[in-house]
Amino acid sequence: MSLDTADPHPVTLILLGPPGAGKGTQARMLEQKHGLVQLSTGDLLRGAVAARTAAGLAAQEAMDRGELVSDRIVLDILTDRLNQPDTRHGVILDGFPRTEAQAEALDRLLEARGRRIDAAISLKVDDEAMVERVSGRFTCASCGEGYHDSFKQPARFGICDVCEGTAFKRRADDNAETVRTRLSAYHAETAPLIDYYAARGALTEIPAMGEIGEIAAALDALIERLGEAQVSA
Ligand code: ADP
Ligand code: ZN
């Protein structure tokens, strides 16, 4: 399916899953393949922290501890991003919504723009594996390609496979202790959204312990089905 500028109905996807489930990896692949825009509240917040904006300064402490940032800050930052024109052909929400209040606010934000959620995709993984996945991960500082100490090193040591960059970075909150706090926050605040979207008939569950390529193929098939449903609607 091509999501070109003539799309009467822009696609809105939500990726749900604990830290390390692969939301960011899959969102980046969907962005490249389907022309959707990845909206990661984690990335937006890290950008705000780096730029030392008021929102960033207010968010930093909670992020360092692995706790959730306040709904107010996250919603402001997300609304600003959703107002930018590149999002009008379709978005993948990665890391948002994370609380029921955020989910309700999102429903209102979309409704005001004549849009709705096409699918909330829950990536099913084992928590225990997430600690190791998250603790070992790092990304290329130039292009953002993701790597892992044990699972996915660059083919040539120290050189990014995609852009040949040689600088890499690790997130300050990607350590075993903070990951456990983030997993708890996920179960307490975010996992209930699985029922929230199931009740609205929008939920799809995808097993996500397998290979990155397999999971990507399952997501592609889902997007194809959404596209066909729209054409026949
Ligand atoms: P991960 O999914 O791996 O935990 P993210 O990059 O999505 O990582 O989020 C990193 C941190 O940013 C979270 O631990 C939290 O402090 C904050 N954050 C991101 N999105 C939200 C959100 N929607 N609501 C509240 N806090 C958020
Ligand atoms: Zn790179």
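Residues numbered from 1 in each chain as written. Chains lettered and ligands numbered in written order. Predicted model: local features only at pLDDT ≥ 70, side-chain atom pairs only at ≥ 80, totals over all residues. Heavy atoms only, no water.

Draft legend 1. Structural context of the pattern of salt bridges. Tallied over the entire structure, the rule returns 19 salt bridges. Ionic pairing is found between Arg116 and Asp118, a salt bridge with its closest N-O pair at 3.5 Å. Using a relative accessible area of 48% as the deciding quantity, one classes Arg116 as partly exposed. The salt bridge partner of Asp173 is Arg171, with a shortest N-O separation of 2.9 Å. Taking the relative accessible area as the measure of exposure, Asp173 reaches 10% and is therefore buried. Using a relative accessible area of 27% as the deciding quantity, one classes Arg171 as partly exposed. One continuous salt-bridge network, built from bridges that share partners, spans Arg137, Arg171, Asp173, Asp174 and Arg182. (Salt bridge = Lys/Arg side-chain N within 4 Å of Asp/Glu carboxyl O. Buried < 20%, exposed > 50% of the residue type's maximum accessible area, 1.4 Å probe, protein only.)

Draft legend 2. Region of the structure containing the layout of surface pockets. By volume, the second largest pocket is sized at about 160 Å³. Around the second largest pocket, the lining residues are Arg46, Val49, Ala50, Gln60, Met63, Asp64, Arg171, Ala172 and Asp173. Contributions of two or more residues to the lining of the second largest pocket are made by α2 (41–50) and α3 (54–65). Tallied by class, residues from the lining of the second largest pocket come to four nonpolar, one polar and four charged. (1 Å grid on protein atoms, 1.4 Å probe; cavity = no way out; pocket = protein on both sides within 12 Å on 5 of 7 lines; lining within 4 Å. Points joined across faces, edges and corners; volume = space filled by probe spheres on them. Helix = DSSP H or I, 4+ residues; strand = E, 2+ residues; numbered from the N terminus. Nonpolar A, V, L, I, M, F, W, Y, C, P; charged D, E, K, R; others polar.)

Draft legend 3. How the structure looks around the packing of aromatic side chains. What the rule picks out here adds up to four aromatic pairs. Taking the centre distance of 5.8 Å and the plane angle of 25° together, the rings of Phe138 and Tyr147 count as stacked. By the burial criterion, Phe138 is buried, and Tyr147 matches it. Note on Tyr196 and Tyr197: the rings are 5.0 Å apart at their centroids and 80° apart in plane angle, and the pair reads as edge-to-face. Pair check on accessibility: Tyr196 and Tyr197 agree, each one buried. Here the guanidinium or amino end of Lys152 rests over the ring plane of Tyr147, the centre of that ring lying 5.1 Å away. Just above the ring of Tyr196 sits the side chain of Arg200; from NZ or CZ to the centre is 3.6 Å. (Phe/Tyr/Trp six-rings, centres within 6.5 Å; stacked < 30°, edge-to-face > 60°. Lys NZ or Arg CZ within 6 Å of the ring centre and 35° of its normal.)

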